[in-house]
Amino acid sequence: MLKSPRSEEENFYLDCRAAYLVVFKSSLSNITSKEQLCHVLQQAGRNPSLKLLNKYWTPRTKRLTFDDFCEILKKEKPTEQEELLRVFRKLDNDGDGHISVSELRKVLTTGGEQMTDEEVNEISSLINTKKDGQFDYAELCRTIMQTAEQCKAAAVEKMENDAKLKRQNFGNQPEGSPKSTAAAPAASTHPEALPNQEPDAALPRRDSRSSSRPSSARSRRSSVSSSIAMAASSSRSTKPLEPKLLQEFHHSHLKGCFFLEEDGSIVSLQYRLHVPQTTTVYITIQPLNLNQNQDKSSPWMSVDTALFVVTAGEGKEDSNVVCITEQRDKEKFVWKGQLAEGTYYLLPFSTGCRLVPSRRSEGTEAAELVFRNQDTGELELTGEFRSALSDIFDVIDLDGNGLLSLEEYNLFEERTSGEKCDEDAWTVCKENFETKKNMLTRQGFMELNLMEANDREGDTRDLWITLEAMGYNRALEMVGACPFITDVYCEDVKPILQPVNLESGAKMLNTALQRSIVSRGEGRPIKGHEGVTVYTCRGESRISSLIANKTNQKVVVQVNNEQSKNCVSSRGMNVFAVEVPARTKIICQHVMPVNEKLEWIYSCVESVIC
């Protein structure tokens, strides 16, 4: 069978993956240091400067994924031959197309971002030096470009040989459907005792059996497709069963916040709920509107929220999903039923589809945080910054009493600095800033931040680190976070609700999500690969999918949802690939409507390509 030529974007993602696999064993591996980022960028034909590395590896960066790497390469184009020639021409004082090796070495080791002797020697090995010590730099430029192309071709060849792939597509492809690829032989199946994995990449969902066609007969033999039409939210008739005498129920509530991390994960606090006796319970979660003008809503009010209620076992494997807040009433998601006496964990969840990374972008003018009073000469907080700090105060004031306890303040400190304030430091804090009932007031919180600005003589870099950690961008807009409020009503007893920061919280939530998708969704094996099953779960406002690999070897699944309409995914991609290790389940992706007032169509094709 003749191969159809790859598109430009197909080649781009093939090259991305080949470069990545020179440094890492798998595209599931993360970049965990600035040095690794430099190495893998060099493998991709880039020449990263320190400024470029600092642009993508900030003080708060912990890891970058393969998808992040692809996005960087989209923005940072490889060096062109003409660009190299322009640099050499600046050193060519005679204009004869030649410079000396010694002059080149001096420039590379003393000016700007200096190279090591080893790096210079590598370049020198490519130079064809004449007797007078001069060399033709145009020839060197051609050699450098040819060597880069040869390295790239060798990386691609190695990847294809190692993985036994004919053709692949990786990453985000917003325009044009990629050609499908030949699939590897199906692996032998294995009993389903799959370890849990954190979410990777993925595509939406499937419910009905109408198909969105792959681009070739071969891919149809190794794929599964789904198409689901979802009605506009205004046409939904589901109404939560709010108890008639809810105002007579015993009530507890706490606030929280979803934060979008740089690696795309969503984090938040968890909650411990103790129910003293079996009773009817009504649980809700919804975004928290911080806008003082009740006629206007905070921009995050459209962010989806949910609570998984699980039994409080000793470990994640001991925790079972009891219920999920699935019924919807506008921005509120609710559950009503009976809970037996005992202790439970409430695990907040959001797909993150409508959150935006708060990472500062190059060239964007930052809002002013402080200014110096012309009359007194003292530093003061700007009105915009005071407003942002007031909203942050409301977010970390978990019980909503208008005061910050040491426990509440420490949750803020852990989020922004990774540290905690001990009792002695808290005593000093109370002595210097306005407090009430041994707790920090809103004004005291403002004073604390002003002191930080004064301690650094107006340098606001640390203040920006705090703001970014709380989800703010340079325009002082909270785009990478979603404050929410959780309410628990019990008919017969007072519920005891406490905030906790569980080390195993993320794993418990991931396990709960996986179990929910598998138990409530439709599972369909990928044709030709009976050991690889795609589960799709349709909810009232979102669609989630999961890939279960029951075989004894890794598989790579290409996911294509280009035919979806009015959809946004938690991965922000239309076409990408997911590596699923042997005997493993991975949550692919969550999909929601862009505009809830319009119908949305989920259409997805998952194909095994390795």
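The structure presented is a predicted model; accordingly, all values stated were derived computationally and were not measured.

Reading guide: rules and limits
- Residues numbered from 1 in each chain as written.
- Predicted model: local features only at pLDDT ≥ 70, side-chain atom pairs only at ≥ 80, totals over all residues.
- Heavy atoms only, no water.
- Helix = DSSP H or I, 4+ residues; strand = E, 2+ residues; numbered from the N terminus.
- Buried < 20%, exposed > 50% of the residue type's maximum accessible area, 1.4 Å probe, protein only.
- Contact = heavy atoms within 4.5 Å.
- Areas by Shrake-Rupley, 256 points an atom, 1.4 Å probe, with all protein chains shown as cover.
- Axes fitted to C-alpha atoms, helices over the stretch in contact; angles between N-to-C directions.
- Parallel < 35°, antiparallel > 145°, perpendicular 65-115°, else oblique.
- Nonpolar A, V, L, I, M, F, W, Y, C, P; charged D, E, K, R; others polar.
- Arc of directions from axis to C-beta.
- Salt bridge = Lys/Arg side-chain N within 4 Å of Asp/Glu carboxyl O.
- Pairing = 2+ DSSP bridges.
- Expected span 1.5 Å × (residues − 1).
- Polar contact = N/O pair within 3.5 Å; in protein donor to acceptor, adjacent residues only side chain to side chain.
- Left-handed = near helix turned anticlockwise from the far one by under 90°.
- Core = buried A, V, L, I, M, F, W, Y, C linked by side-chain atoms within 4.5 Å.
- pLDDT = per-residue confidence, 0-100.
- Phe/Tyr/Trp six-rings, centres within 6.5 Å; stacked < 30°, edge-to-face > 60°.
- 1 Å grid on protein atoms, 1.4 Å probe; cavity = no way out; pocket = protein on both sides within 12 Å on 5 of 7 lines; lining within 4 Å.
- Points joined across faces, edges and corners; volume = space filled by probe spheres on them.

### Comments concerning the overall build of the protein
And then number 1: Counting secondary structure elements, the protein contains 15 helices and 26 strands.
And then number 2: Looking at the protein as a whole, 49% of its 610 residues are labelled buried.
And then number 3: Across the protein, the fraction of contacts at a sequence separation of at least 24, relative to all contacts at a separation of at least 6, is 72%.
And then number 4: Of the roughly 29,700 Å² of accessible surface on the protein, a fraction of 46% belongs to carbon and sulfur atoms.

### Quick word on the packing of helix H11 (residues 406-416) against helix H14 (residues 461-469)
And then number 1: In contact at an axis separation of 9 Å, H11 and H14 are set at 105° when each is read in the N-to-C sense. Taken as axis vectors, H11 and H14 run roughly perpendicular relative to one another. Where H11 approaches H14, its residues Phe412, Arg415 and Thr416 are matched on the opposing element by Ile465, Thr466 and Ala469.
And then number 2: Class assignment for the residues of the contact of H11 with H14 results in three nonpolar, two polar and one charged.

### Some remarks on helix H5 (residues 81-91)
And then number 1: Among all positions in H5, only Leu84, Leu85, Phe88 and Leu91 are buried. The arc that holds every buried residue of H5, seen down its axis, measures 105°, which confines them to one face.

### A word on the pattern of salt bridges
And then number 1: In this structure the tally under the stated criterion is 13 salt bridges.
And then number 2: Residue glutamate 596 is joined to arginine 354 by a salt bridge in which the shortest nitrogen-to-oxygen separation is 3.5 Å. Of this pair, glutamate 596 sits in the loop between strand S25 (584-593) and strand S26 (600-608) while arginine 354 sits in the loop between strand S12 (342-349) and strand S13 (370-372), placing them 242 residues apart in sequence. You'll find glutamate 596 and arginine 354 in the same group, each marked buried.
And then number 3: Two residues, aspartate 459 and arginine 461, come together in a salt bridge whose shortest N-O distance is 2.6 Å.

### Quick notes on the sheet that holds S12
And then number 1: The strand order S9-S8-S12-S6-S18 describes an open sheet built from five strands, whose pairing is antiparallel. Of all the strands in the sheet, the pair left with one neighbour each is strand S9 (321-324) and strand S18 (496-500). Direction aside, the axes of adjacent strands within the sheet are offset by 25° on average.
And then number 2: Bridge analysis of strand S6 (residues 270-275) against S18 gives five bridges, and the strand direction is antiparallel. Each bridged residue has a counterpart across the sheet, and for glutamine 270 the counterpart in S18 is valine 500.

### Comments concerning the sheet that holds strand S11 (residues 332-339)
And then number 1: Read from one edge to the other, the open sheet built from six strands follows the order S5-S4-S17-S7-S11-S10, with strand pairing classed as antiparallel. A strand with exactly one partner marks an edge of an open sheet, and here the two such strands are strand S5 (266-267) and strand S10 (327-329).
And then number 2: Sheet topology places strand S4 (residues 250-260) next to strand S17 (residues 481-490); 10 bridges connect them, and they run antiparallel. The residue bridging histidine 251 from the neighbouring strand is tyrosine 489, located in S17.

### Examining helix H10 (residues 383-396)
Side chains of residues three or four places apart in an α-helix project in the same direction, reflecting 3.6 residues per turn.
And then number 1: With 14 residues, H10 ought to run about 20 Å at 1.5 Å a step, and its terminal C-alpha atoms sit 20 Å apart, in line with that.
And then number 2: Of all 14 residues in H10, 10 are buried, a share of seventy percent or more.
And then number 3: Those residues of H10 not exposed but buried are Phe385, Ala388, Leu389, Ser390, Asp391, Ile392, Phe393, Asp394, Val395 and Ile396.

### Let's talk about the environment of tryptophan 300
And then number 1: By the element assignment, tryptophan 300 lies in the loop between strand S7 (279-287) and strand S8 (306-311).
And then number 2: Overall, the relative accessible area of 6% leaves tryptophan 300 in the buried class.
And then number 3: The spatial distance from the C-alpha of tryptophan 300 to the C-alpha of alanine 481 is 7.7 Å, given a sequence separation of 181 residues.
And then number 4: Ignoring anything within four residues of it in the chain, the contact list for tryptophan 300 reads Pro287, Leu288, Leu290, Met478, Ala481, Cys482 and Pro483.
And then number 5: Reaching out from tryptophan 300, the side chain makes a polar contact with the backbone oxygen of leucine 288 at a distance of 2.7 Å.

### Regarding unusual backbone geometry
With glycine set apart, most residues show a phi of negative sign, and most peptide bonds adopt trans.
And then number 1: You will see that lysine 330, though not glycine, has its phi angle at about 60°, which is positive.
And then number 2: Given the relative accessible area of 67%, lysine 330 is considered exposed.
And then number 3: Non-glycine residue arginine 583 carries a positive phi angle of around 55°.

### Here's the deal with the packing of helix H2 (residues 34-43) against helix H4 (residues 66-75)
And then number 1: Contact geometry of H2 with H4 gives a least axis separation of 11 Å together with a crossing angle of 55°. Accordingly, the angle class assigned to the pair H2 and H4 is oblique. For the crossing formed where H2 meets H4, the hand is right-handed. In this structure, H2 uses Leu37, Val40 and Leu41 to contact H4, whose residues at the interface are Phe69, Ile72 and Leu73.

### What about the nonpolar core?
Where a protein is soluble and globular, its nonpolar side chains tend to be buried together.
And then number 1: By size, the foremost hydrophobic cluster in this structure holds 67 residues, and its most contacted members are Ile392, Phe445 and Leu467.
And then number 2: With seven residues, the single largest contributor to this core is H10.
And then number 3: Leave out the neighbours within four places in its chain, and isoleucine 392 touches Phe412, Phe445, Leu467, Met470 and Tyr472.
And then number 4: In terms of nonpolar packing, the next biggest core, distinct from the first, is built from 22 residues, Ile228, Met230, Met573 and Cys604 among them.

### Considering the confidence of the model for the protein
And then number 1: Averaged over the protein, the pLDDT score is 81; the fraction of residues at 70 or greater is 84%.
And then number 2: Considering only residues more than four positions removed or in separate chains, one finds that residues 164-221, a stretch of pLDDT under 50, has 215 contacts.

### Focus: the packing of aromatic side chains
And then number 1: Considering all chains together, one arrives at 14 aromatic pairs under this definition.
And then number 2: Consider the rings of tyrosine 409 and phenylalanine 412, whose centres lie 5.8 Å apart with planes at 45°: the pair is tilted. Placement of the pair is tyrosine 409 and phenylalanine 412 together in helix H11, with a separation of three residues, close to one helical turn.
And then number 3: Judged by its relative accessible area of 6%, tyrosine 409 falls in the buried class.

### Quick look at empty space enclosed by the protein
Remark: the empty space left among the atoms is shown by a probe the size of a water molecule rolled over them.
And then number 1: A complete count under the given rule lists two cavities of 30 Å³ or more for this structure.
And then number 2: The calculated volume of the largest cavity comes to roughly 50 Å³.
And then number 3: Lining the largest cavity we find Leu126, Ile127, Asn128, Phe135, Asp136, Glu139, Leu140 and Thr143.
And then number 4: Taken together, the elements giving at least two residues each to the lining of the largest cavity come down to strand S2 (134-136) and helix H8 (137-163).
And then number 5: When residues of the lining of the largest cavity are assigned to their parent elements, the largest contribution, three residues, is made by H8.
And then number 6: A class-by-class count of the residues in the lining of the largest cavity yields four nonpolar, two polar and two charged.

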